[in-house]
Amino acid sequence: MASEELVTEQFKFFGINVEQDVLIKCCFTNHFSKGVNLCEENNIDAETFIEQWMAFSLNYVNGASPNLENLDLFVRKEFSKRRTNASAKETTRPAAGKSLTVYGAKATSPPDSEVLSSYVAVTPKRVKIEKDATTNQNDIVPATYSPTVGSAKYASRTNAGTVVHSYGDEKLLQELGKANSSNDVLSLKITQVPNDDDEVYTKAMLGFELLHEKASTFDNHIRYISQYIMKKAGVKESTSVRHKTQTNVYVAGRIECDADARLNAKCVVLQGTWEESLSQSVPVDFDNVYQYSLFPGQVVVLRGINPRGDRFIAQEVYCDAIQQLPDHKFDIAGKLSMVAVAGPYTTSDNMAYEPLKDMVTYINTHKPHVVIMTGPFIDSEHSKVKDNTMAETFSSLFGKILDSLGELSNTSPITKIYIVSNFKDAFHVNVYPTPPYVSRRKYPNIHFIPDPCTLTINGIHVGVTSTDVLMHISQEEISLGTGGDKLSRLASHVLSQQTYYPLCPAPVPLDTVLWDAHTQLQSSPHLLVLPSNFRYFVKDVNGCVVVNPEHLTKGTGGGTFTRVLIDSDNATKRIAAQIVRI
C-alpha cells in the first residue's frame, strides 16, 4: 500500500511540494477521506501513480502541481479509460469462443478443460463437448475439433476374411481357421530371451554415445561375426586388408560405401578390424566374383589378392554366419494358435481405427492363445497427427486403444497380447532399438515388449521386430548371380549377420550401444516375424519360418495379418500359417 512518506518522496523527486489534502486523497483511507484512496482503488503503487500524474500534468494542466480539482480531472481521463476497456474485454471474451467444439471426448469427464482453465480462465465456458450417439463409451475415437469420418474405401471392401496365402502342413491348415473356445486353455510359459549379459531391455539412457565406444562396438561386432563365418567356411586365419600379396589370402571386415550415393560394385570399401588392420579400409574389386549379395554394414570374409596394398581384388565372398536353431522341448498338451499383426491400425485418411476394431472382433471370435501386435499405433507421419487436429494427447489416445484391447480379458480370457514398440509412435521415444511402451493402465492380458525382441513360448523361439528391415536392406543391397527368391535372400541377411538390424549407416535413429546390447540374435528363432512394405509371404529360410504379415492397413484400404498354428513334440515341430485380409 502507498504510504504518505513514499508519495511525498516521489513528488519531491520531481521538485513538487504537495498539500496535506492531496496526500490524504492519494494514499490515506480514513474518516476524513471518506474511504477514497486513489492508489488502492486503481491497484497501482506510488511510483506508477506519480509517473502517470506527471504525464497528465504536462499534457493537460501545463505542469501544475496537484490539487483536489485537477486530481479529479486526472482520475476521469486516465483511470476511467482503463475501467471501460477492462469491462469491454470481460463482456466480449466468452462470446469469442462459443464455436469451439470438441468431438469424441467423454462428456462426463472434462480433464482437458480443467487443464486449460489454469491458463485461460473462461475456457470451460468456451468448449462444447459433442458426443456421437452411434459410439459407445470405450470406442477408439480421438477427441478432435472436427467430426471423425471413416474411410469409404475400407468400408466398401468385399474381400474381408479372405485367405490369400497358406504355408505348412495341410492337416494343420484345415484346423487353422477354426476358432478356439474359452475352454481351450494352454499352460503357457512365455518369457523374453535375455542378451549375453542376461539383461532384458526395459528402459534405456539415450544420447550418451561416445565416438571411441561406438568404434569399439562395431569393431567387436566385425571380429565376432567374421570369426563365425571363418569357422563355418573352414578358414583358419585372415590377414590385414592392406597386406601386400600376390597369393590368395583371406581378409575380414565390414562392407562400406565410398560414395555419397547408393552402393555399387565400383565404390565398395572393406573396413578391417583394429587388431588386424588398425581399422583401415581398402577398396575392393569385384570383377572376378560371379556371385555376391552385399549391403553397407555387412560383415564378410573375402578371398583374393592385393598386389600393391591399395586395392583388394576379390575372388570369393563368404558371409554365412547363420546359427543353428535352439533345442526345443515343446512340453504343451495341444496346439498353439497365434496371430501376428503389424501397424498402422487406422487408414491414412482418418483416425477412426476401423481396422483395429475389426481386429479386436476377430480376436474375440477366434480366441487365439497369443497375439503379437507391432507398432506404430499412432504413427507420427499420419496426416491427422501432423496437422494438429486432435484435442487430446497422444498418450490419452493410446490409453483408449489399450482399453479396447483390455476388454478382451473378459471376452477371450485365454488370449495373451504382446505389444511390440515402434520408434515412429508419436507418444514414445524416437530411438532404435526401442524400449517397451509404458502406461499407467494395467491389464492382465497385455504385455509390452521392446523392438526388437525374442520370445520363448514353452521352448519355441519367436523373433519379432516392428521395423521394416527388409525394405531398408533392399534399398541399399547390390547382388550378382544370386538368382532365386529375393525376399528369402533379404531375410537370410538378418539371420546370417546374427542381428535384427545389420544395415549401417541406418535410416533409423540408431543408438549404437543399445544396438549392440539388444538387437543381437542369440540363436536362429523357429519363427521370425518381419513386417514389411513388401508383399506378404511365409517362407522357410535355413530352417527358420520367416513371416511378413505386411500391414493391417494399406493407404485408405484394408491390409492383412497372419495366423499361425504350431504343433510339436520333443522330436519335431510343425508350423502352419495363413495370410488373411482384415
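About the cut-offs
- Here, residues in each chain are numbered from 1, in the same order as that chain's written sequence.
- Per-residue local features are limited, in this predicted model, to residues with pLDDT of at least 70; the limit for side-chain atom pairs, both in listing and counting, is 80 or more; totals at the level of whole chains, interfaces and linings are taken over all residues.
- Each side-chain value is worked out from all heavy atoms of the structure, with water and hydrogens disregarded.
- Lines are fitted to the C-alpha atoms to define the axes, a helix being fitted only along its stretch in contact, and any angle between axes, read from their N-to-C directions, falls within 0 to 180 degrees.
- Helix and strand definitions follow DSSP, with helices as H or I runs of at least four residues and strands as E runs of at least two, each counted in order from the N terminus.
- The crossing is said to be left-handed when, going from far helix to near helix, the turn is anticlockwise and less than a right angle, and right-handed when the turn is clockwise.
- In what follows, a contact means two residues having at least one pair of non-hydrogen atoms within 4.5 Å.
- Gly falls in the polar group here, along with every residue not listed as nonpolar (Ala, Val, Leu, Ile, Met, Phe, Trp, Tyr, Cys, Pro) or charged (Asp, Glu, Lys, Arg).
- Only strands joined by at least two bridges in the DSSP assignment are considered to pair.
- Throughout, exposure labels follow a simple rule: accessible area from a 1.4 Å probe, protein chains only, divided by the maximum for the residue type, with under 20% read as buried, over 50% as exposed, and the rest as partly exposed.
- If the strands point away from the viewer and the path from the first strand over the helix to the second runs clockwise, then the crossover is right-handed.
- The rule for a salt bridge is simple: a side-chain nitrogen of Lys or Arg has to be within 4 Å of a carboxyl oxygen of Asp or Glu.
- The distinction between a cavity and a pocket rests on a 1 Å grid over the protein atoms alone: a 1.4 Å probe fits inside a cavity but cannot get out, while a pocket stays open yet meets protein on both sides within 12 Å along at least five of seven lines, and a residue with an atom within 4 Å of a point counts as lining.
- Grid points are joined across faces, edges and corners, and a volume is the space filled by probe spheres set on the points.

## Re the packing of helix α1 (residues 4-13) against helix α4 (residues 46-60)
Helix-helix packing is described using two parameters, namely the angle between the two axes and the distance between the axes.
Here comes step 1: Following both chains from N to C, one finds α1 and α4 inclined at 35°, their axes separated by 9 Å at the closest point. Crossing angle aside, the handedness with which α1 passes α4 is right-handed. For the pair α1 and α4, the contacting residues are L6, V7, Q10 and F11 in the first and A46, E47, I50 and W53 in the second.
Here comes step 2: Counted by class, the contact of α1 with α4 contains six nonpolar, one polar and one charged residues.

## A look at the sheet that holds strand β19 (residues 537-541)
Here comes step 1: Strand order in the open sheet formed by six strands is β4-β15-β16-β18-β20-β19, with mixed pairing between adjacent strands. At either end of the open sheet lies a strand with only one pairing partner, and these are β4 (190-192) and β19. For this sheet, the mean inter-axis angle between neighbouring strands, taken without regard to orientation, is 20°.
Here comes step 2: Inspection of the sheet shows strand β15 (residues 453-457) paired to strand β16 (residues 460-464) by five bridges, in the antiparallel sense.

## Quick word on the pairing of strand β12 (residues 370-374)
Here comes step 1: A large share of β12 lies buried, amounting to five of its five residues.
Here comes step 2: Residues V370, I372 and T374 point to one face of β12 and V371 and M373 to the other, with burial holding for every one of them.
Here comes step 3: Across five bridges, the pairing between strand β11 (residues 336-342) and β12 is parallel. Bridge pairing in β12 places A342 opposite T374.
Here comes step 4: In this fold, the crossover linking β11 to β12 by way of helix α12 (residues 354-366) has right-handed handedness.
Here comes step 5: As paired strands, β12 and strand β13 (residues 416-420) are joined by five bridges and run parallel to one another. Bridge assignment links T374 to a residue of β13, and that residue is V420.

## Here's the deal with the pattern of salt bridges
Here comes step 1: Under the defined criterion, the tally for this structure stands at 16 salt bridges.
Here comes step 2: A salt bridge links D403 to R441; its shortest N-O distance comes to 3.0 Å. Of the two residues, D403 sits in helix α14 (residues 394-406) while R441 sits in the loop between β13 and β14 (446-449), which places them 38 residues apart along the sequence.
Here comes step 3: For R441, a relative accessible area of 34% corresponds to the partly exposed category.
Here comes step 4: Among the salt bridges present, the one from E550 reaches K554, with a minimum N-O distance of 3.0 Å.
Here comes step 5: Using a relative accessible area of 5% as the deciding quantity, one classes E550 as buried.
Here comes step 6: Accessibility expressed as a relative area gives 48% for K554, which makes it partly exposed.
Here comes step 7: Residues participating in the shared-partner salt-bridge network are D169, D567 and R574.

## Points about the sheet that holds β11
Here comes step 1: Here seven strands make up an open sheet; going across it, the order is β3-β24-β23-β11-β12-β13-β14 and the pairing mixed. One side of each edge strand has no neighbouring strand; the edge strands of this open sheet are β3 (163-167) and β14. Taking each pair of neighbouring strands and ignoring which way they run, the sheet shows an average axis angle of 20°.
Here comes step 2: Relative to β14, β13 is paired through four bridges, and the arrangement is parallel. Among the inter-strand pairings, Y418 is bridged to a residue of β14, identified as H447.
Here comes step 3: Against the sheet, α12 engages β11, β12 and β23 (560-568), with an angle of about 25° to β23.
Here comes step 4: α14 contacts β12, β13 and β14 of the sheet and is inclined by roughly 130° relative to β14.

## Examining the layout of surface pockets
Unfilled space is identified by rolling a water-sized probe across the atoms.
Here comes step 1: The space that makes up the second largest pocket amounts to roughly 480 Å³.
Here comes step 2: Surrounding the second largest pocket, 27 residues form its lining, P344, D379, K424, N533 and H551 being those nearest its centre.
Here comes step 3: Only α16 (469-474) and β21 (553-554) provide two or more residues apiece to the lining of the second largest pocket.
Here comes step 4: Taken together, the residues of the lining of the second largest pocket break down into six nonpolar, 16 polar and five charged.

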